[in-house]
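Overview (structure and organization)
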Amino acid sequence: MKKLVVKIQAELEVPDDWEIVRHPSGITVLKIGDTFVDFDLAPLATTSGDPDAEWSDINVEVVEEVLDAVTGLDADLEFITHH
């Protein structure tokens, strides 16, 4: 068996009233109004070799197989402000 490391970095432009907070469960999350938002791995798949193929999570068996292989996951949240 081999190990696969996936690094995903996303930048979002968000309203000033969104906050980064510590959820009672101990994880750092985004707070939008009364809703807590965490980020997770969302594998998408296609069986098409077409360059314009549609990618989705509709193939539940493959998605679950990929998610079952995850042994660790961490999401770091930070605001970067430009003046």
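Residues numbered from 1 in each chain as written. Predicted model: local features only at pLDDT ≥ 70, side-chain atom pairs only at ≥ 80, totals over all residues. Heavy atoms only, no water.

Observations concerning the overall build of the protein
Assigned secondary structure in the protein consists of one helix and three strands. In terms of overall dimensions, the protein is more spread out than a globule: its C-alpha atoms have a radius of gyration of 17 Å, far above the 12 Å expected for 83 residues. For the protein, the C-alpha atoms occupy an extent of roughly 45 × 30 × 25 Å along the three principal directions. Residues counted as buried form 8% of the 83 residues belonging to the protein. A separation of at least 24 residues holds for 32% of the contacts in the protein among residues at least 6 apart in sequence. Here the protein displays about 8,000 Å² of accessible surface, and carbon together with sulfur accounts for 51% of that area. If the 5 positive side-chain charges of the protein are averaged to one point and the 19 negative ones to another, these points end up 13 Å apart. (Helix = DSSP H or I, 4+ residues; strand = E, 2+ residues; numbered from the N terminus. Rg over C-alpha atoms; globule rule 2.2 N^0.38 Å. Buried < 20%, exposed > 50% of the residue type's maximum accessible area, 1.4 Å probe, protein only. Contact = heavy atoms within 4.5 Å. Areas by Shrake-Rupley, 256 points an atom, 1.4 Å probe, with all protein chains shown as cover. Lys, Arg positive; Asp, Glu negative; His and termini not counted. Charge placed at Lys NZ, Arg CZ, Asp CG, Glu CD.)

Considering a nonpolar patch on the surface
Side chains of L4, V6 and I8 sit close together on the surface and give an oily, nonpolar patch of about 370 Å² of accessible area. Positionally, L4 belongs in the segment before strand 1 (19-22). Relative accessible area serves as the criterion here: at 72%, L4 is assigned to the exposed category. (Patch = residues over 30% accessible without salt bridge, like charges linked within 9 Å, V, L, I, M, F, W, Y side chains within 5 Å. Salt bridge = Lys/Arg side-chain N within 4 Å of Asp/Glu carboxyl O.)

Topic: the pairing of strand 2 (residues 28-32)
Two elements, strand 1 and strand 2, share four bridges in a ladder whose sense is antiparallel. Within strand 2, the position partnered with R22 by the bridge is T28. The antiparallel hairpin formed by strand 1 and strand 2 contains five residues in its connecting segment, where G26 sits at a positive phi of about 105 degrees. Bridge count for strand 2 against strand 3 (residues 35-37) is three bridges, and the pairing is antiparallel. From the neighbouring strand, I32 faces strand 3, where its bridge partner is T35. Between strand 2 and strand 3, which pair antiparallel and follow one another directly, the connecting turn spans two residues, one of which, G33, has a positive phi of 65 degrees. (Pairing = 2+ DSSP bridges.)

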